[in-house]
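Structural description and commentary
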Amino acid sequence: MLLTLHGLREDAYGVSIQQVLERETRRGVSLGAVYAALDRLEAKGLARSAASPGTAMRGGRSRRLFALTADGLRSLDAMRRVRERLYGLAGLHPAKGRS
Amino acid sequence: MTARRDPPRRWLDVVRHLVPATRRDEITGDLVELWRLRADAGTRFLAVRFWRDVWSLVPWSSRRTPSPERRTRFTDALAADLRTALRGLRSNPATTTLAVAIFAVTIAAGTVTFSVVDAVAIRPLPYAAPDELISAMRQWRTSSTPSWATPQDFFTWQRSQHTLAGTAAAQRGPNASFDVAGTPRRAGMARVTANLFDVLGVHAALGRTFVAGDDEAGRDRLAVLSHALWMREFAGDPTIVGRMLTISTVSRQVVGILPPDVTFPISATGSTDVFVRRSQFSRTRTSGVSPPIAASTPESWRSSGRSRFSSARLASTAR
C-alpha cells in the first residue's frame with residue numbers, strides 16, 4: 001500500500017489505488033479493504049489525506065487524496081532494506097520491476 | 001443491451017446512509033467513478049460488483065472510530081441533555097416524585113421477580129440428588145390443569161407404588177407461634193412425613209432429622225428447625241437441640257437444625273422454618289398436600305418406562 005501511494009504521487013485516492021492493486025496483484029480488491037488500509041496508515045502517521053475538488057468522471061463529487069508522510073517514506077525505505085537483506089541472506093536478488 | 005452510465009440514484013442514497021457523514025461525497029464519488037470505469041471497459045454484472053463494493057464498506061464503516069470532533073460533539077450533547085432533564089425535574093416536583101416512585105416500584109418488582117425466578121428455576125435445589133426427585137400432582141381426565149394432591153391421594157400412592165425408592169410429603173401452615181425470651185414469635189410451619197429428609201437426602205447440621213420410628217404414636221411431639229430460624233431467633237445457640245419449645249400451644253422437643261438454605265416446600269410466599277411430623281396432617285379431602293415428592297432409583301425408573309401408580313393418572317414432573 002505504501003508503494004502504491006508513493007507510485008501514484010499526487011493522484012492517490014480510493015479508486016486509483018484500488019485499480020492499481022487489482023491490476024498488479026491480479027486479484028479483486030474491494031473498496032472497503034482499501035479504505036481500511038488507508039485509515040490504518042493515517043492513524044500510524046505514515047500517510048496523510050486531504051479533500052480535493054471533484055472531476056467530471058465522478059459527477060463532480062470530491063476526492064480524498066492520500067500522500068506519504070516523512071515517516072511513511074522512512075518506513076518504506078526501512079522495509080526495502082530489510083527485504084534486500086533477507087534476499088541477500090537467501091543468496092537471491094530482489095525481482096526488478098515488481099515489489 | 002447498453003449498460004447504464006451511472007448507478008441508480010436510489011442506490012447511492014442507500015450508500016449515503018451506510019458511510020460516515022464526513023466521507024459521503026468522496027465514497028459515492030468513488031463508487032460512481034468505478035461504475036463508469038467498468039462500464040467503459042465492458043465489464044459485466046455492474047450491479048453485482050457495485051453491491052459487492054458497498055458490502056465491503058459496512059465493516060469498515062462500523063469499525064471507524066469517532067473523530068475527536070465527533071466525540072466532543074457527542075459528550076457536549078449528552079451534557080446538555082442531562083442539564084435540560086435536571087432543570088425539568090427541578091421545576092416540576094410533583095412529576096419528579098411520581099417518576100421516582102414509579103422507578104422505585106418497578107425496580108422493587110424486578111428484584112422480587114428475579115429473587116423468585118432465582119430460587120425456583122436458576123439456583124440448584126439444596127438436596128443431595130435433585131435430578132432424582134419427582135413431584136407428583138393430581139390431574140383429572142376432564143381438566144388440563146394439575147392440582148395438588150390431598151392427603152388421601154398421597155397415602156394411596158404411597159401404598160400402591162412399587163417403582164420409587166421413597167415417597168414423602170409436606171403440608172404448609174398454619175404458621176407456628178412460639179415464645180423466645182418472653183417475646184412472641186411466628187414462623188412458617190410444615191407438617192412432614194418422617195422420611196421427608198431421608199428422601200431429600202438432607203442430613204441435620206446439628207442434632208438429627210426425623211427417623212422412621214418418629215411416625216409412631218407417642219413420639220410425635222418433635223420439631224426440626226431451619227438454620228435461618230435458629231440463627232435469627234436463637235442466635236445459633238447449640239443447646240436448643242434437646243430443649244422443649246411450645247409451638248402453637250403444643251410442647252415439642254427440638255431434635256435438630258437443618259443445614260443453611262435447606263427448606264421444603266420451596267415457596268415464593270414465605271419460608272418454612274419449623275417442621276413437625278406427619279401425624280399432624282389435616283385429613284380433610286380439600287386440604288392440599290404441597291406436591292408429594294418421591295426419590296426414584298434411576299435404573300428402575302427408566303426400565304419401568306412409567307410410574308406404576310395404580311390409582312388415578314398422575315402428572316409427574318421431575319425437577
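Residues numbered from 1 in each chain as written. Chains lettered and ligands numbered in written order. Predicted model: local features only at pLDDT ≥ 70, side-chain atom pairs only at ≥ 80, totals over all residues. Heavy atoms only, no water.

What about the overall build of chain B?
- A tally of regular secondary structure across chain B gives 9 helices and 12 strands.
- Split into buried and exposed, the 319 residues of chain B put 39% on the buried side.
- For chain B, restricting intrachain contacts to residue pairs at least 6 apart in sequence, the fraction spanning at least 24 positions comes to 71%. (Helix = DSSP H or I, 4+ residues; strand = E, 2+ residues; numbered from the N terminus. Buried < 20%, exposed > 50% of the residue type's maximum accessible area, 1.4 Å probe, protein only. Contact = heavy atoms within 4.5 Å.)

Topic: the overall build of chain A
- Summing up its helical and strand segments, chain A has 4 helices and 2 strands in all.
- When each of the 99 residues of chain A is scored for burial, the buried share is 35%.
- Sequence separation of at least 24 residues holds for 42% of the intrachain contacts in chain A that already meet a minimum separation of 6.
- Total accessible area on chain A is roughly 6000 Å²; 55% of this is exposed by carbon and sulfur atoms. (Areas by Shrake-Rupley, 256 points an atom, 1.4 Å probe, with all protein chains shown as cover.)

Thoughts on the interface of chain A and chain B
- Between chain A and chain B, the residue contacts involve 21 residues of the former and 23 residues of the latter.
- Interface area, chain A with chain B, both sides summed: about 1900 Å², of which 51% is carbon and sulfur.
- Summed over the three residues of chain A that lose the most area to chain B, namely Tyr35, Met57 and Arg61 of chain A, the buried surface amounts to 34% of that side.
- Seen at the junction of chain A and chain B, the total is 4 salt bridges.
- Note that Arg58 of chain A is salt-bridged to Asp30 of chain B, the shortest N-O span being 2.6 Å.
- Linking chain A with chain B are 11 residue pairs in polar contact (both at pLDDT 80 or more).
- For the side of chain A that touches chain B, the elements supplying multiple residues, two or more each, are α2 (14-25), α3 (31-43) and β2 (63-68) of chain A.
- In terms of residues, the side of chain A that touches chain B owes the most to one element, α3 of chain A, which gives 5 residues.
- For the side of chain A that touches chain B, the residue count by class is 9 nonpolar, 7 polar and 5 charged. (Buried area = accessible area lost by both parts, 1.4 Å probe. Salt bridge = Lys/Arg side-chain N within 4 Å of Asp/Glu carboxyl O. Polar contact = N/O pair within 3.5 Å; in protein donor to acceptor, adjacent residues only side chain to side chain. Nonpolar A, V, L, I, M, F, W, Y, C, P; charged D, E, K, R; others polar.)

Remarks on the packing of aromatic side chains
- Scanning all chains against the criterion turns up 10 aromatic pairs over all chains.
- A centroid spacing of 5.0 Å and a plane angle of 45 degrees characterise the contact between Tyr35 of chain A and Trp60 of chain B, whose relative ring orientation is tilted. Of this pair, Tyr35 of chain A sits in helix α3 while Trp60 of chain B sits in helix α3 (residues 46-63), each in a different chain. Comparing Tyr35 of chain A with Trp60 of chain B shows no difference in burial state: the two are buried.
- When the ring of Phe50 of chain B is compared with that of Trp51 of chain B, the centres are 5.2 Å apart and the planes differ by 90 degrees; the resulting orientation is edge-to-face.
- Given the relative accessible area of 2%, Phe50 of chain B is considered buried.
- Trp51 of chain B gets classed as partly exposed once you look at its relative accessible area, which sits at 31%.
- Feature note: the residues Trp11, Trp35, Phe50 and Trp51 of chain B constitute an aromatic cluster, connected by ring pairs.
- A cation over an aromatic ring shows up here: Arg63 of chain A above the ring of Tyr13 of chain A, its NZ or CZ 4.6 Å from the ring centre.
- The cationic tip of Arg23 of chain B hangs over the ring face of Tyr35 of chain A; the distance from NZ or CZ to the ring centre is 5.8 Å. (Phe/Tyr/Trp six-rings, centres within 6.5 Å; stacked < 30°, edge-to-face > 60°. Lys NZ or Arg CZ within 6 Å of the ring centre and 35° of its normal.)

Regarding the pattern of salt bridges
Residue and element names in this part refer to chain B.
- Scanning all chains against the criterion turns up 17 salt bridges over all chains.
- A salt bridge links Asp6 to Arg36; the shortest N-O distance between them is 2.6 Å. Here Asp6 is found in the segment before α1 (9-18), whereas its partner Arg36 is found in helix α2 (residues 24-40), with 30 residues between them in sequence.
- Classification of Asp6 by relative accessible area gives partly exposed; the value is 28%.
- With a closest N to O distance of 3.3 Å, Arg232 and Asp273 form a salt bridge.

Section: the nonpolar core
- Counting residues in each nonpolar core, the largest one holds 21 residues, and the members touching the most others are Tyr127, Val192, Phe197, Phe210 and Phe275 of chain B.
- The set of elements that each furnish at least two residues to this core consists of β2 (164-172), β5 (189-192), α7 (196-200) and β7 (222-225) of chain B.
- Ranked by residue count, the leading element in this core is α7 of chain B, at 4 residues.
- Not counting residues within four places of it along the chain, the set of residues in contact with Phe197 of chain B comprises Val192, Val202, Thr209, Phe210, Leu258 and Phe275 of chain B.
- Listed in part, the 18 residues of the second largest apolar core include Tyr13 and Val15 of chain A together with Val19 and Leu57 of chain B. (Core = buried A, V, L, I, M, F, W, Y, C linked by side-chain atoms within 4.5 Å.)

Description of the pairing of strand β9 (residues 250-257) of chain B
Residue and element names in this part refer to chain B.
- Of the strand pairs in this sheet, strand β6 (residues 206-207) and β9 are connected by 2 bridges, and their pairing is antiparallel. Residue pairing for β9: Gly207 is matched across the bridge by Gly256.
- Summarising the sheet, β7 and β9 pair through 4 bridges and their orientation is parallel. Looking across to β9, one finds that Leu222 is bridged to Gln253.
- With 4 bridges connecting them, strand β8 (residues 244-247) and β9 associate as antiparallel partners. The residue bridging Ile247 from the neighbouring strand is Val250, located in β9.
- Linking β8 back to β9 in an antiparallel pair, the connection comprises 2 residues, with Ser248 at a positive phi of about 50 degrees. (Pairing = 2+ DSSP bridges.)

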